[in-house]
Every structure is written in structure tokens, then in C-alpha cells.
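Each chain is listed here by its residues.
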Amino acid sequence: MISPAAARAALIVALLAIWELSIYLSGASNILIARPSQIAVAAWNMIVGASSAPDFYLNIGLTIFELVVAYAVAVVIGLSIGTVVANWKVLGDALEPLLLALYALPKVILYPIIVLTAGAGLAGKAFFGVLVGIFVIIFNTSAGLRQIDPNYLRLSDSLGFGPRRRFFSVILPAAAPTVLAGLRLGFGYTLIGVLTAELLTVNSGLGRLIDWASFNFYTPDLFALIFLAIGLGILGNMAFSSLERRWVR
Amino acid sequence: MSAASSSATRTVIAIRLACGVLALLAWDLSLRLGLIDPLFLATPLQTFQALPKTAVASLPHIAVSFLSFFQALALGVGAAVVVGYLVNTSTYASRMFMPIFQAGVTLPKVTLLPVLVLWLGIEKTTIITYGALSAFFPMIVNVAAAMQEVKPNQITLARSLGLSRAAIMRKAVIPAMLPVLASGLFYACNAAMMGVFIVELAVARVGVGAYVHDLAVTFRTPELYAAVVLTSLMTIAINLAIWYAARHLSKWRTVDI
Amino acid sequence: MAVIQATKISKTFYNPSESRAVKTLDDVSFSADKDEFVVLLGPSGCGKSTFLNILAGLTSHDRDGGKVTVHGRTVLAPQPDLIAYMFQDSILYPWRTVIKNVELGLETRAMSRAERRERAFKYLDLVGLRAYADHYPRQISGGMAQRVALCRSLALETEIILMDEPFGALDEQTRATLGSELASICRELKRTVVFVTHSLAEAAFLGDRIAVFSAQPGRIKIDIKNNLPRPRVMGSPEFRNFVDELWLHLQDAKQQAGAAPDRQGSPLGAT
Ligand SMILES: Nc1ncnc2c1ncn2[C@@H]1O[C@H](COP(=O)(O)OP(=O)(O)OP(=O)(O)O)[C@@H](O)[C@H]1O
Ligand SMILES: [Mg+2]
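It should be emphasised that the depicted structure is a prediction, and the values quoted were computed from it without experimental measurement.

### Quick word on the overall build of chain C
Step number 1: On a plain count of helices and strands, chain C comes out with seven helices and 11 strands.
Step number 2: Against the 2.2 N^0.38 benchmark of 18 Å for 271 residues, chain C shows a C-alpha radius of gyration of 19 Å, consistent with a compact globule.
Step number 3: Principal-axis analysis of the C-alpha atoms gives chain C an extent of 55 × 50 × 40 Å.
Step number 4: For chain C, buried positions account for 55% of its 271 residues.
Step number 5: Restricting the contact set of chain C to residue pairs at least 6 apart, pairs at least 24 apart contribute 68%.

### Details of the interface of chain B and chain C
Step number 1: Listed per partner, the contact involves 21 residues of chain B and 20 residues of chain C.
Step number 2: Of the roughly 2,100 Å² buried between chain B and chain C on both sides combined, carbon and sulfur atoms contribute 65%.
Step number 3: Contact with chain C buries area across many residues of chain B, yet Leu157, Leu161 and Trp252 of chain B alone supply 31% of it, more than any other trio.
Step number 4: At the surface where chain B touches chain C, the tally comes to one salt bridge.
Step number 5: The salt bridge partner of Lys171 of chain B is Glu107 of chain C, with a shortest N-O separation of 2.8 Å.

### Remarks on the sheet that holds strand β7 (residues 160–164) of chain C
Residue and element names in this part refer to chain C.
Step number 1: Strands sit in the order β6-β7-β8-β3-β9-β10 across an open sheet of six strands; the sheet is mixed. The sheet is open, and its two edges are formed by β6 (83–86) and β10 (219–225), each paired on a single side. Taken over all neighbouring pairs, the strand axes of this sheet differ in orientation by 15 degrees on average, direction set aside.
Step number 2: Strand direction decides the pairing type here: strand β3 (residues 37–41) and strand β8 (residues 192–196), joined by four bridges, are parallel. Bridge pairing links Leu40 to Val196 in β8.

### Considering the packing of helix α7 (residues 150–158) of chain A against helix α8 (residues 163–200) of chain A
To describe two helices that pack against each other, one gives the angle between their axes and the distance between the axes.
All names here are of chain A.
Step number 1: The contact between α7 and α8 brings their axes to 10 Å, and the two run at 150 degrees. Relative to α8, α7 is oriented roughly antiparallel. Judged by the sense of rotation from one axis to the other, the crossing of α7 with α8 is right-handed. Of α8, the residues touching α7 (which contributes Tyr152, Leu153, Ser156 and Asp157) are Arg166, Val170 and Ile171.
Step number 2: Residues belonging to the contact of α7 with α8 are distributed by class as follows: four nonpolar, one polar and two charged.

### Some details on the arrangement of the chains
Step number 1: Taking contact number as the criterion, the leading pair out of two pairs of chains in contact is chains A and B.
Step number 2: The closest approach of any C-alpha atom in chain A to one in chain C is 11 Å; the two make no contact.

### Quick look at unusual backbone geometry
Residues and elements named next belong to chain C.
Step number 1: With a phi close to 45 degrees, Lys8 is a non-glycine residue in the positive phi region.
Step number 2: With respect to the helices and strands, the residue Lys8 is situated in strand β1 (residues 2–15).
Step number 3: Residue classification places Lys8 among the partly exposed residues on the basis of a relative accessible area of 48%.
Step number 4: You will see that Glu157, though not glycine, has its phi angle at about 50 degrees, which is positive.
Step number 5: By the secondary structure assignment, Glu157 is in the loop between α4 (142–155) and β7.

### A closer look at the nonpolar core
Step number 1: Counting 223 residues, the largest nonpolar core has Phe51 and Leu55 of chain C as the members making the most contacts within it.
Step number 2: The element that contributes the greatest number of residues to this core is helix α7 (residues 165–202) of chain B, accounting for 18 residues.
Step number 3: No fewer than three residues from each of domain 1 (1–36) and domain 2 (39–249) of chain B sit in this core.
Step number 4: Those residues in contact with Phe51 of chain C that lie beyond four places of it in its chain are Ala6, Ile9, Leu25, Val28, Phe30, Leu40 and Phe213 of chain C.

### What to know about the coordination of the magnesium ion (ligand 2)
Step number 1: Here the magnesium ion (ligand 2) is held by Ser49 of chain C (OG) and Gln88 of chain C (OE1), and the distances to it run 1.9 to 2.3 Å. Note that Ser49 of chain C is positioned in helix α1 (residues 48–55) and Gln88 of chain C in the loop between β6 and α2 (98–103), a separation of 39 residues in sequence.

### A few points about the domain arrangement of chain B
All names here are of chain B.
Step number 1: By the assigned domains, chain B splits into domain 1 (1–36) and domain 2 (39–249).
Step number 2: Using C-alpha coordinates to define each centre, domain 1 is positioned 30 Å away from domain 2.
Step number 3: With six residues of domain 1 at the contact, the number on the domain 2 side is seven residues.
Step number 4: Here domain 1 meets domain 2 over a buried area of about 590 Å², counting both sides, of which 83% is carbon and sulfur.
Step number 5: For the interface between domain 1 and domain 2, the tally reads zero salt bridges.
Step number 6: The tally of links from domain 1 across to domain 2 stands at one residue pair in polar contact (both at pLDDT 80 or more).
Step number 7: The residue makeup of the side of domain 1 that touches domain 2, split by class, is four nonpolar, one polar and one charged.

### A short note on the interface of chain A and chain B
Step number 1: Counting residues at the interface gives 55 residues for chain A and 52 residues for chain B.
Step number 2: For the pair chain A and chain B, the two sides together bury roughly 4,700 Å², of which 81% comes from carbon and sulfur.
Step number 3: On the chain A side of the interface with chain B, the three residues burying the most area are Arg8, Ile109 and Leu116 of chain A, jointly 14% of the side's total.
Step number 4: Inspection of the chain A/chain B interface yields one salt bridge.

### Considerations on the confidence of the model for chain B
Step number 1: Across chain B, pLDDT averages 89, with 97% of residues at or above 70.
Step number 2: Confidence scores differ between elements of chain B, with helix α10 (residues 251–254) of chain B showing the lowest mean pLDDT of 77 and helix α5 (residues 124–148) of chain B the highest of 94.

The rules behind each value
- Residues numbered from 1 in each chain as written.
- Chains lettered and ligands numbered in written order.
- Predicted model: local features only at pLDDT ≥ 70, side-chain atom pairs only at ≥ 80, totals over all residues.
- Heavy atoms only, no water.
- Helix = DSSP H or I, 4+ residues; strand = E, 2+ residues; numbered from the N terminus.
- Rg over C-alpha atoms; globule rule 2.2 N^0.38 Å.
- Buried < 20%, exposed > 50% of the residue type's maximum accessible area, 1.4 Å probe, protein only.
- Contact = heavy atoms within 4.5 Å.
- Buried area = accessible area lost by both parts, 1.4 Å probe.
- Salt bridge = Lys/Arg side-chain N within 4 Å of Asp/Glu carboxyl O.
- Pairing = 2+ DSSP bridges.
- Axes fitted to C-alpha atoms, helices over the stretch in contact; angles between N-to-C directions.
- Parallel < 35°, antiparallel > 145°, perpendicular 65-115°, else oblique.
- Left-handed = near helix turned anticlockwise from the far one by under 90°.
- Nonpolar A, V, L, I, M, F, W, Y, C, P; charged D, E, K, R; others polar.
- Core = buried A, V, L, I, M, F, W, Y, C linked by side-chain atoms within 4.5 Å.
- Domains from an automatic or database assignment.
- Donors = N, O, S within 2.8 Å, 3.2 Å for Na, K, Ca; no water.
- Polar contact = N/O pair within 3.5 Å; in protein donor to acceptor, adjacent residues only side chain to side chain.
- pLDDT = per-residue confidence, 0-100.

So, in C-alpha cells, the structure goes:
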């Protein structure tokens, strides 16, 4: 019996093969869809600089830079707000519905206003990324800290642990799984936010490249860029999953 | 007990009010102190004054958007329930497929938008498809989690009491799943609205997204703010209603002793 | 007249991951007469719960000629109008309050809402839980949950009651009180009871008859009539003697199992 993961990989390979063959055999329009092999060639050409994609590395670098900035801000502010809200019950009770309302707001409706006030450059896009990514970090941090079994805290007090020891040997390990999951999801949402912003204002970054490909009907390039963006998400996901496996036992 | 709790309640309300006032002040002052060009920012007062007129003008757009949203939600949630149920009836299939769907929640599906436009055109179908796609992933993850909530021995008990299949569904399976399904619906709703607005903002000519986009590019700032405030309030109301409904449904999981 | 009768029941579990078949029950024949209180004793894992499941029509047995009948009719599915089953775990629905849990089995019957309520309260009163009627299961203790489960089965007011360690999670004292309550209820209402327990005192106190299982594969090793006169007195010399006798039988059953570990299972051909 093959493992589910192997079966999944086999399924993906099979789907790619079917995709390749069905397009090849049916002769579907090259504008509407590209074959995986064409996509791979387009990707390779972009990587080696043999395509007409404008400033490929610069734009990719810009997107990654926006992502890093937005994520760093989301993590710092998200962890702080989450910690404060978890430890200060009255404030937590007061802010819960407000945070929830902000979370429940489809943030993209604010994007035109963000562009007007913060501009369509790095600041606006990163800000939008923060807006989309921060809430899951806040919620998971506060949930992770709140769900610590009070008995552990009592135990650490009874053992005479100082605040440092208490934090590192009790609070952190107990809250880590939930907080880390929040950081992982937060990364994904921040990426979604940044890319959404880029696709709405197609002046730079991966969004600019995707717009270039779709505007010119360079369909293989378009798919290659989509896979690139999704690959970015998968990479982040994998990095966090391995962190979670290492830290959380 | 009541004295302490009522003073706590008062503090809570005070904090909420303070947050609201601070936000308004920051909004107002950033403009008065000249931090932001008034061409790009309307004061709270201007926004408030523009509300009635904008409400009338934007209601048809809001109606269009909400119709798309409900269609997208129904499609996405329906597909997630069916696929989620089928995939999770077998442990093997669940282990094989669920990681894909889990990853799908946070992968940047927004990059697929140009392809959807290419295939489906700048049409309502694009909006609904993308909204449904957005709602599908969070919902299916929650369908899987909900199915984990149904414990085999609860079904055995129902059988021993002679409950029919329909009754087992009604009295054992659905109540166990409902809290998780409801919170899944909250996330799906959120995602579907976001999806609909993204497409409307990016390409569509109708709907609140397109309307807001028009107001922004023509610098009709007070109307823009009013429309955004109006839409925000409506979407928040819908989403919070679902959130609190979900919380009510899961009362039995959280009651204190 | 036997109300419930099991003839030559065997049960084999297949373990697909190890490709092994484990014979949990082997040719078990058993019967309970009308109004009889039969106790099943046996080492842990010998198949008592499995046997009750088969009696209740919840689990199938091997198709090698064995059968279970109630009033002469073969049992193929649960018979909620004839048989109430109290499981080893309390299995309350956490989304229902205590009283709604007790009412669960009555909801398939033609009863008015008020009748159901009244019936549920009657049994909650019996186990002293009326005050907790509107609590949710997670607000009550494990022992209380077990009493609620007891109410749920008693409320069905069936002729036959199968009970799998119903007082397992209770303290000695509650256990004794509820035990004598149960004994008098069953006597009064004329119930046929099959009752699994690990407590020898409980077995001696409640049982008209005691069947001792041996393990691996599960068989009824001995079936003893309990001739202690009623009302029984827990500390009396006859009572103690009888408990000692049961203990010896149980020891035998365990040793037998320990001496024959090779009978634990037989490898199947890989499929
Ligand atoms: N669904 C099942 N699949 C495989 N094996 C099972 C299954 N149910 C029970 N068994 C096996 O059958 C044996 C008997 O189990 P059972 O629960 O009937 O024991 P028991 O006599 O009730 O024990 P206890 O006194 O501890 O409750 C055990 O070895 C158990 O592992
Ligand atoms: Mg058992």
C-alpha cells in the first residue's frame, strides 16, 4: 500500500501529464492555455533572462522585499497586540469585538483609500499586506497564551521560577504550537495581501509581471508567474511546517 | 459579584469608546495638520455629510455585489461540503487530499485572476467563480474538522436507541458538526466577500468594488469614504452575525462550570 | 423460560494492518430467564463488552451457526423497544442538556413532550440528579454522567436491560446505594438484566446468577447460581464466602488465559 503522500505526488504528476497531453492532442488555443512543458520553458527563459519580461529579477525582488517588510511588521505588531490582549483581560474583552469587526471586514474595499493616502508604492502595498496578514497572528497569539493550563503556571510559581524562567520553560512551550500556526497562516495571508495589492495597482513587482504577461497574451509566461507566486506560498508553508515540527513536540 | 462585574463592564465600554474616538481623531487630525493632501482624504464630517447621497447612489451597486457574493458563497460552500464529505469518508483519501486543500487556504489564488478573466471574460461568472474559489478552501478545511467531531460511539448509542438513519443525522451527526461548520461559514463568507470585491475592483464595471474604484480615480473623496464606510458596515454586520451565531451554536462546548 | 438466549456465539476480529484474525469469543452459549439478574464477570479484554454488543444487535457475530434470540425471535438489529443498553462509557451528547440526554431514547416513541419530561425526571430523581437537569454534560462529573446514562437506559422501561459496568466510575458508597436501588427497581419492575462488572461484591450482591468468562478466546468458564437469600447483607459470612468462591473462579479464568498465550491469534495468509 503506497502512502497517502506518495499517492498525492503521483496524482499531481498524473494531472500534469493529462494536462500536457490533452492540450497537445486537442490543439486548444495557445492563448487560452499553455502546456506544462511550455510553461517550464517560459519559466526557464525568464530565469536566464532570455524572455522579454520587464526587469524580471528587480520585480520579483521588489515583491519579496514588500513581503518581508509587511510580514516583519505584521509579526511584531501582531505578537505584541496578541500578548497584551491575552494578558490584560479587560482590554481583551474590550477589543475582541473591535478586532473581530476589523477581521470580518473584507479589507480590499479599503485598498482605494490606502492607495490615495499611502500611495501605490511600497508603503501602500506593504500596509495592505499587514492588514490582511496581521489578524490571524493576533488571534492565534492571544489564543495560544490564554489556553495555557493555569496548573502549569501555578506549578512554576510553586517551584519558585522567576519571570524569565517562567516565560521560557512554561509559557513559550505551551503557547508555541498555536502561535507558530498563527505565524504560518499569517505569512500566507500577508503574501495574499501583497500580491492582491500588486495586481490591483500593476505598476511594479510580480503584479506588474503578471499584468505584462496577461496583457500581451504570453500565456506560458503567465502560468509560469502564477506557479512562481504559488511556489512562494508553498515554500513559506514548508519552512514554517519544518519549524513547527522542530519546535513543537 | 455584580459590583465588580459592572465596573469591569464599564471599563470595557470606556475602552471601546476611547478606541472609536481615537480613531476618529487620528483620521481628522491627519488631515487638519496637513499630513495628507485633502484631495486624497475626506474628514469624518465630510464623509458623514456625503453619506445620504452616496447611500442612494451606491445601493444598486451594493445590491449587485451582494447578489454575486451570495451566489459565490453558495457555490463555494456547496462544493466544499460535497467534496469535503466525500474525501473525508475515507481516512486514506482524507490524508491524500486534505493537505492540498489546507495549503489552498493560504496560497495566493489572486494570481489566478488574469487567467479567469482570460477564460471567462470580464463577466459576472468571473466574479462568482473567483468568489466561490475563495470560499471553497476555508470551508472544506472546516468540513473535514467538523466530521472529526462526530464520534463513532455517539452513533452506536443512537443505533442502540433505535434511531433511524435520518434521525441519527438530525440528532447526532449534524449537532456535532454544526459549531465547526458555522465557524467555517464565517471564514468562507469573509473570503467570498473579499474575492468578489477584488474582482470588482480589478476589472468589473458593476458592483461596489467598481463603484468605489470609480470614485477613487475621479478623486470624489468624500463619496469614496462614504461608500467605503457604508460597505464596511454592511459586510461587518453580516460577518459578525454569522460569528455570533456560530458562537451561540457552540455554547455547549464552552460553558463554564 | 429464557427471554434472551445466545447459542454458540463466536466473534473474530480482523486486524487488517497485521493481517491477523483474533478470536475474541468462542462458542459462547448463554441465556437469561424472565426477571433474572445475570452478572458477567471476567478478566479485562475477555470480550464481555463485545458479547453485550452482540446481544444488543449492535455487532454482528461470526456466521457459523450461532444466533441470538429474544423471545424466540432472532436478533439482527437493535431492539430499542425490548432491550435497553447502557454502555461502558456514558456517551452523553455534549450539545444536549442532562434531561434532553435522558429523553433521547424516548423521542422515537409516541409520547407527548410532557410525558417524556415526566419520565425523565422520574429517573433523574431516582439517581439524585434532578437539580442538574439543565446542565450540559461538560458541567457534570464522570460519575454523574454515568448516572445520567443509567437514567437514559432505565427511562426506556424495556423488559431487558444490558449494562456494561454501569457503576464503574462511581465511589464505593454511591455504588452500593445505586446498586441496591437498581436491585429493587429490577425486582419491582420485573426486568431481565445482564450486568457486567469487575466488582465481586457487586456481582454477589446483585446477581441471581454469575457467568465467569475466561479470556483469549472468551468463553463462559462457569455459570454459578447465587443462592444467597435476599435481602443480602454485604458483610455477612455467607456473602464473604461466596465472594471468595467467585474470586477463585476468576483466578482460574485468568490463569487459563495466561497459560495459553499461543491461542491469542492465528496468522492469516496475507491478502
Ligand atoms: N472493533 C474491534 N476491532 C478489533 N478488536 C476489537 C474490537 N473491539 C474489541 N476488540 C478486541 O476484543 C477483545 C475484547 O474486547 P472487549 O471490549 O469486549 O473486552 P471486555 O471484556 O469488555 O474488557 P473490559 O473489562 O476491559 O471492558 C479485546 O482484546 C479487544 O482488543
Ligand atoms: Mg468492556
